[in-house]
Amino acid sequence: MSWRQELDNYDPDTLLIIEIAERFLQDYFHHDADRAEGILTEYFRRFGKWFDEGFVQHQLSWHLAAEAHFCVHLGGRRGELPEWRMKEGLLKTPPDALEYLRQHYWNRHRGG
């Protein structure tokens, strides 16, 4: 079962953040679609009990993707994440990823 089924009770906005994180795992961390989904699924299985939707909404897609890549793919410990992000130059969301978030999350049509 993937994160999509396991988190189907999450708010649609939160799910969109995770979907974009999955895309970022592909675009910036060079995982194929199946691996990106698997990384996020494993990430939420391991750590999801320690946080809620508010955490996901606070982290947003870029930081979520980086943390999942580090913890699941690289096998790093969450406590070592800040040092790794600094060493790898991943402290800020890249401008093109920020633009993608702007277009597909913040400025998307919300219905009405």
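Higher on the page you've got the structure.
Residues numbered from 1 in each chain as written. Predicted model: local features only at pLDDT ≥ 70, side-chain atom pairs only at ≥ 80, totals over all residues. Heavy atoms only, no water.

Visitor: With reference to specific residues and values, describe the overall build of the protein.
Guide: When helices and strands are tallied, the protein shows six helices and zero strands. Mapped from its N terminus to its C terminus, the protein presents α and β elements in the order α-α-α-α-α-α. Compactness check: the protein gives a C-alpha radius of gyration of 13 Å against a globular reference of 13 Å for 112 residues, within 12% of the reference. Among the 112 residues that make up the protein, the fraction classed as buried is 46%. Sequence-distant contacts in the protein: of pairs separated by 6 or more residues, those separated by 24 or more amount to 65%. As displayed, the protein offers around 6,600 Å² of accessible surface, 48% of which is attributable to carbon and sulfur atoms. Taken as two groups, the 14 positive and 19 negative side-chain charges of the protein have centres that lie 4 Å from each other. (Helix = DSSP H or I, 4+ residues; strand = E, 2+ residues; numbered from the N terminus. Rg over C-alpha atoms; globule rule 2.2 N^0.38 Å. Buried < 20%, exposed > 50% of the residue type's maximum accessible area, 1.4 Å probe, protein only. Contact = heavy atoms within 4.5 Å. Areas by Shrake-Rupley, 256 points an atom, 1.4 Å probe, with all protein chains shown as cover. Lys, Arg positive; Asp, Glu negative; His and termini not counted. Charge placed at Lys NZ, Arg CZ, Asp CG, Glu CD.)

Visitor: Which residues make up unusual backbone geometry, and what values do they have?
Guide: For residues that are not glycine, phi is negative in most cases, and the peptide bond is trans in most cases. Positive phi outside glycine occurs at His 30, with the angle close to 60°. Within the secondary structure layout, His 30 lies in the loop between helix 2 (12-27) and helix 3 (33-47). On the basis of relative accessibility, which here comes to 67%, the residue His 30 falls in the exposed class.

Visitor: Let's hear about the packing of aromatic side chains: which residues, and what values?
Guide: For the coordinates displayed, the defined rule picks out 12 aromatic pairs. Ring geometry for Tyr 105 and Trp 106: centres 6.2 Å apart, planes at 70°, overall edge-to-face. Every member of this aromatic cluster is reached through a ring pair, and the members are Phe 24, Tyr 28, Phe 29, Trp 62 and Tyr 100. Here Arg 78 stacks its cationic end above the ring of Phe 47, 5.3 Å away from the centre of that ring. (Phe/Tyr/Trp six-rings, centres within 6.5 Å; stacked < 30°, edge-to-face > 60°. Lys NZ or Arg CZ within 6 Å of the ring centre and 35° of its normal.)

Visitor: Any details on helix 5 (residues 81-88)? Residues and values, ideally.
Guide: Of all the positions in helix 5, only Leu 81, Trp 84 and Arg 85 are classed as buried. Seen along its axis, helix 5 keeps its buried residues to an arc of 100°; they face one direction. Opposite its buried face, helix 5 presents the exposed residues Glu 83, Met 86 and Lys 87, each directed more than 90 degrees away. Lining the buried residues of helix 5 we find helix 4 (53-73). Phi for Gly 89, located one or two positions after helix 5, is positive at around 70°. (Arc of directions from axis to C-beta.)

Visitor: Could you give an account of the nonpolar core, with specific residues and numbers?
Guide: Counting residues in each nonpolar core, the largest one holds 36 residues, and the members touching the most others are Ile 18, Phe 24, Phe 29, Leu 40, Tyr 43 and Phe 44. Elements with a contribution of two residues or more to this core: helix 2, helix 3, helix 4, helix 5 and helix 6 (95-106). For this core, the leading source of residues is helix 4, giving 10 residues. Setting aside anything within four residues of it in sequence, one finds Phe 29 in contact with Phe 24, Trp 62, Ala 65, Ala 66, His 69, Trp 84 and Leu 90. (Core = buried A, V, L, I, M, F, W, Y, C linked by side-chain atoms within 4.5 Å.)

None of this, on its own, says anything about what the molecule does.
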